[in-house]
Amino acid sequence: QIFKTFKWLAQEPSVLNMLENHGVVPSLVTFLAELSQSNPLSVEATSISQDACSQCLLALFYLCKLSRPRQEQAALAGATTVLRALVTGDHPLKAYAFVMLCDMTSASLATRRLLWNH
């Protein structure tokens with residue numbers, strides 16, 4: 001439920017800077033990495049984990065969509081590796097991950113270096 005809340009907040013332009021200033025971008029990257037690598041045993045847990053991963057990805061997408069500094073923040077937090085894994089995997093929202101990776105190419109020199117390293 002918390003990821004849905006962040007997703008809805010990230011769609012509101014008036015709170016984007018507050019979320020950035022409170023360190024939400026690196027936190028979402030960390031949670032996305034953990035959720036995308038989790039391997040729950042039951043079908044119900046898999047469904048819940050996939051939904052949480054999707055909500056987390058969408059929240060990160062909306063936060064980083066128009067802001068190069070937030071894209072760089074996400075890349076420095078390790079988002080490039082996670083996004084690449086989602087794109088090459090079988091995730092239902094891999095189109096969003098792909099768009100984020102493409103947008104990161106114009107964020108900064110540091111972000112481009114991270115992309116080249118992976």
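Check the entry above for the structure.
Residues numbered from 1 in each chain as written. Predicted model: local features only at pLDDT ≥ 70, side-chain atom pairs only at ≥ 80, totals over all residues. Heavy atoms only, no water.

Caption draft 1: Structural detail: the overall build of the protein. Summing up its helical and strand segments, the protein has 8 helices and 0 strands in all. Ordered by position from the N terminus, the helices and strands of the protein form the series α-α-α-α-α-α-α-α. Taken against the 2.2 N^0.38 rule, which gives 13 Å for 118 residues, the C-alpha radius of gyration of the protein at 14 Å falls within 12% of a compact globule. Taken across its 118 residues, the protein has 39% of its residues classed as buried. (Helix = DSSP H or I, 4+ residues; strand = E, 2+ residues; numbered from the N terminus. Rg over C-alpha atoms; globule rule 2.2 N^0.38 Å. Buried < 20%, exposed > 50% of the residue type's maximum accessible area, 1.4 Å probe, protein only.)

Caption draft 2: Region of the structure containing the nonpolar core. Leu 28, Leu 32, Leu 57, Leu 60, Leu 63, Ala 74 and Leu 83 are the most contacted members of the largest nonpolar core, which has 33 residues in total. Among the secondary structure elements, those contributing two or more residues to this core are α1 (2–10), α2 (16–21), α3 (24–37), α4 (43–64), α5 (68–76), α6 (79–88) and α7 (94–104). Among the elements that line this core, the one with the most residues is α4, at 10 residues. For Leu 83, the contacting residues outside a window of four places in its chain are Leu 57, Ala 97, Met 100, Leu 101 and Met 104. (Core = buried A, V, L, I, M, F, W, Y, C linked by side-chain atoms within 4.5 Å. Contact = heavy atoms within 4.5 Å.)

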